[in-house]
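Residues per chain, in single letters:
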Amino acid sequence: MKQQKPVFLDLTKIHFPITAISSILHRISGFIIFLLIPILLWLARSATTVHGFAEIQICLSNPIFKFLVWVILASLLFHLIAGIRHLLMDIHIGETLSVAKMSAAVAILLSIILIIIAGVWIW
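Residues numbered from 1 in each chain as written. Predicted model: local features only at pLDDT ≥ 70, side-chain atom pairs only at ≥ 80, totals over all residues. Heavy atoms only, no water.

Student: Before we go on, may I ask you to explain the overall build of the protein in this structure?
Tutor: When helices and strands are tallied, the protein shows 5 helices and 0 strands. Each helix (α) and strand (β) of the protein, taken in turn from the N terminus, gives the series α-α-α-α-α. Whereas a compact globule of 123 residues would reach a radius of gyration of roughly 14 Å, the protein reaches 20 Å, over 25% beyond that. Referenced to the eigenvectors of the C-alpha coordinate spread, the extents of the protein come out at roughly 75 × 40 × 25 Å. Looking at the protein as a whole, 26% of its 123 residues are labelled buried. Long-range pairs, those at least 24 residues apart, make up 74% of the contacts in the protein between residues at least 6 apart in sequence. For the protein, the exposed area adds up to about 9200 Å²; of that, 76% sits on carbon and sulfur atoms. On the protein, the mean spot of the 8 positive side-chain charges and the mean spot of the 4 negative ones are 11 Å from each other. (Helix = DSSP H or I, 4+ residues; strand = E, 2+ residues; numbered from the N terminus. Rg over C-alpha atoms; globule rule 2.2 N^0.38 Å. Buried < 20%, exposed > 50% of the residue type's maximum accessible area, 1.4 Å probe, protein only. Contact = heavy atoms within 4.5 Å. Areas by Shrake-Rupley, 256 points an atom, 1.4 Å probe, with all protein chains shown as cover. Lys, Arg positive; Asp, Glu negative; His and termini not counted. Charge placed at Lys NZ, Arg CZ, Asp CG, Glu CD.)

Student: Help me out: how do you make sense of the environment of Leu-110 in this one?
Tutor: Assignment of secondary structure puts Leu-110 in helix H5 (residues 97-122). Leu-110 gets classed as partly exposed once you look at its relative accessible area, which sits at 41%. A C-alpha to C-alpha distance of 9.9 Å links Leu-110 and Ala-82, two positions 28 residues apart in sequence.

Student: When you look at the environment of Ile-72 in this model, what are you seeing that I'm missing?
Tutor: When you line up the elements, Ile-72 lands in helix H4 (residues 63-90). Classification of Ile-72 as buried rests on a relative accessible area of 6%. Separated by 35 residues in sequence, Ile-72 and Ile-37 have C-alpha atoms that sit 9.2 Å apart. Among all residues touching Ile-72, those that are not within four sequence positions of it are Leu-36, Ile-39 and Leu-40.

Next up, the structure:
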């Protein structure tokens, strides 16, 4: 009987297809959104009063807070675009390999463009 040895996978040498990259980034962005829900709730609650709005304006003068808001927006934007792609695939639109590769590339490219625009808007 031949003994099976564990296989060492060097993740730096594995090249993921663009569809896998898009799917992994979609999961990561969802996790980031989940972690930042308390900040999102605080922002939403604070924006309902004049005093709260002034408090948010003071916080937005801090570069670290601006970066945090940008991370939230970047996660939301990518998760939305990749989520729409996944929903279309759920109703059997774009399931072929060539269309899936193209839609993954479009989702990533569109997200990058919108994330850059959001960064310019925040700063």
